[in-house]
Amino acid sequence: MNYRMMALALAAALGLAGGASAQQIQERTIRFGHLNNTDHPVSAGVRKFTELVAAKSGGKLKVKEFPASQLGNEMQQQSALQGGVQEMTAPATTSLVGIVKEFGLVDLPFSVTDFGQADALLDGPLGTALINKLPEKGLVALGFWDLGFRNVTNSKHPIRKPEDLAGLKIRVIPNPVFLETFKEFKANPVPMPFAELYGALESRAVDGQENPYSVILSNKFYEVQKYVSSTNHVYAANIVLVSKKFWDKLSPDEQRILSESAIEARAYQRQASRAAAQKAVAELQAKGIAFNTIEPAEKARMQQIVKPVVAKLTSDYDPAILKLYNDELARIRK
């Protein structure tokens, strides 16, 4: 009898424990905003993330996507996350330079030459070190997604050598890395919010811009640009961000679900993004834009020209992170 009572007590205890565990996932709606259109690979990543979160939470955690800047530009959404009025976003890492300047390392020109190097750099110790600087700024990062190599378009002529950039008014992200890089090429960089870019290209307020192929296609820049040149001058990444105020309200189970889902969605998103980039080149050509590659010797000249930019911009970075960056580049380039 005592054994039976003990078994019943144990079963009851286990039942309570199971019930407590089940209560660790609450009904929640997570607003996930971003800048891109729904045909962009970032949106594909958000949709995969949404599916994974729903499956892992038994449908209790619902992710609602707000694409195409519906919740504001990158800085407005960053502020919304810091204030706890929006839960998630996936901006380009460039948008974080204002609060953690070392994120500028991700955008340094010609630092990586292929996707394998880019993934190794961001998924390794450097990416972790950068992510670890965000919680004190009110943000939690769940990893890096692919945006792709950035390439120059313009309405004047093909870019085949560094000198071809001289004098061109190129819209750039309002970020020192891009401003200084294009100044070094003797171009006239014009910092401008992305939302204003199409109109500026159409009115010829600027001659050109630089973005990954999928962004160029998705935003129909081929309608207002004649040339796209494979400069591959910067590898661009998106970063999956969560409001720390929201994150701190989550149970360990809920945090685990979001973390696992972001990592699993990363592989899917990167594959989708890189396939889209390949496809975008052909589609852009079909739309009438002229495409050209750049000879390796000219690409090497471009890399040499911007070396002073790298030295200048990193002079006041955290020395430990700068050393880590250089050590990691040496490792992944082998």
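Residues numbered from 1 in each chain as written. Predicted model: local features only at pLDDT ≥ 70, side-chain atom pairs only at ≥ 80, totals over all residues. Heavy atoms only, no water.

An unreviewed UniProt entry annotates the protein as ABC transporter substrate-binding protein originating from Bordetella pseudohinzii. The UniProt entry for the protein carries the following text under Sequence similarities (unreviewed entry): "Belongs to the bacterial solute-binding protein 7 family." (UniProt positions renumbered as here; feature names shortened; annotations may be inferred.)

Q: Explanation requested: helix α2 (residues 41-56) in the structure shown.
A: Residues spaced three or four apart along an α-helix face the same direction, because each turn holds 3.6 residues. With 16 residues, α2 extends 22 Å between its outermost C-alpha atoms, agreeing within 8% with the 22 Å of an ideal straight helix rising 1.5 Å per residue. Within the sequence span of α2, burial applies to Pro 41, Val 42, Ser 43, Ala 44, Gly 45, Val 46, Phe 49, Leu 52 and Val 53. Of the residues trailing α2, Gly 58 is marked for its positive phi of about 65°. (Helix = DSSP H or I, 4+ residues; strand = E, 2+ residues; numbered from the N terminus. Expected span 1.5 Å × (residues − 1). Buried < 20%, exposed > 50% of the residue type's maximum accessible area, 1.4 Å probe, protein only.)

Q: Help me out: how do you make sense of helix α10 (residues 252-286) in this one?
A: Between the first and last C-alpha of α10 there are 49 Å, a value that for 35 residues agrees with the 51 Å anticipated at 1.5 Å per step. Most pronounced at Arg 266, the bend in α10 amounts to some 30°. Positive backbone phi, approximately 105°, marks Gly 288, located one or two places after α10. (Bend = angle between axes of the 7 residues up to and from the residue.)

Q: Is there a simple way to think about the side chain of Ser 155 in this case?
A: By secondary structure assignment, the location of Ser 155 is in the loop between β4 (139-154) and β5 (169-172). Here Ser 155 is in contact with Arg 204, Asp 207, Val 224, Gln 225, Lys 226 and Tyr 227, once residues within four sequence places are set aside. (Contact = heavy atoms within 4.5 Å.)

Q: For this particular structure, what's the right way to read the nonpolar core?
A: Across soluble globular proteins, nonpolar side chains show a tendency to be buried alongside one another. Judged by nonpolar contacts, the single largest core of 50 residues is most densely connected at Phe 103, Leu 134 and Ile 239. When sequence neighbours within four positions are dropped, the list of residues in contact with Ile 239 reads Thr 89, Ala 90, Pro 91, Thr 93, Leu 96, Phe 103, Ile 131, Leu 134, Ala 141, Gly 143 and Phe 144. (Core = buried A, V, L, I, M, F, W, Y, C linked by side-chain atoms within 4.5 Å.)

Q: Honestly, the packing of helix α4 (residues 115-123) against helix α13 (residues 319-332) in this entry has me stumped. Any pointers?
A: How two helices pack is summed up by the angle between their axes together with the distance between the axes. Put simply, α4 and α13 touch, their axes get as near as 10 Å, and they point 140° apart. In the crossing of α4 with α13, the sense of the turn from one axis to the other is right-handed. In this structure, α4 uses Gln 117, Ala 120 and Leu 121 to contact α13, whose residues at the interface are Tyr 325, Glu 328, Leu 329, Arg 331 and Ile 332. (Axes fitted to C-alpha atoms, helices over the stretch in contact; angles between N-to-C directions. Left-handed = near helix turned anticlockwise from the far one by under 90°.)

Q: I tried to follow the packing of α2 against α10 on my own but got confused; where do I start?
A: Axis separation between α2 and α10 bottoms out at 8 Å; the angle between their running directions is 150°. Taken together, α2 and α10 sit at an angle that is classed as roughly antiparallel. Both α2 and α10 take part in a crossing whose hand is right-handed. In this structure, α2 uses Pro 41, Val 42, Ala 44, Gly 45, Lys 48, Phe 49, Leu 52, Val 53 and Lys 56 to contact α10, whose residues at the interface are Ile 257, Leu 258, Glu 260, Ser 261, Ala 262, Glu 264, Ala 265, Tyr 268, Gln 269, Ala 272, Ser 273 and Ala 276. (Parallel < 35°, antiparallel > 145°, perpendicular 65-115°, else oblique.)

Q: Help me understand the pattern of salt bridges in this model?
A: With the rule as written, the count across this model stands at 24 salt bridges. The partner of Asp 119 in a salt bridge is Arg 270, with the nearest N and O atoms 3.5 Å apart. In this pair, Asp 119 sits in helix α4 while Arg 270 sits in helix α10, placing the two residues 151 residues apart along the sequence. As far as the burial class goes, Asp 119 and Arg 270 line up, both buried. (Salt bridge = Lys/Arg side-chain N within 4 Å of Asp/Glu carboxyl O.)

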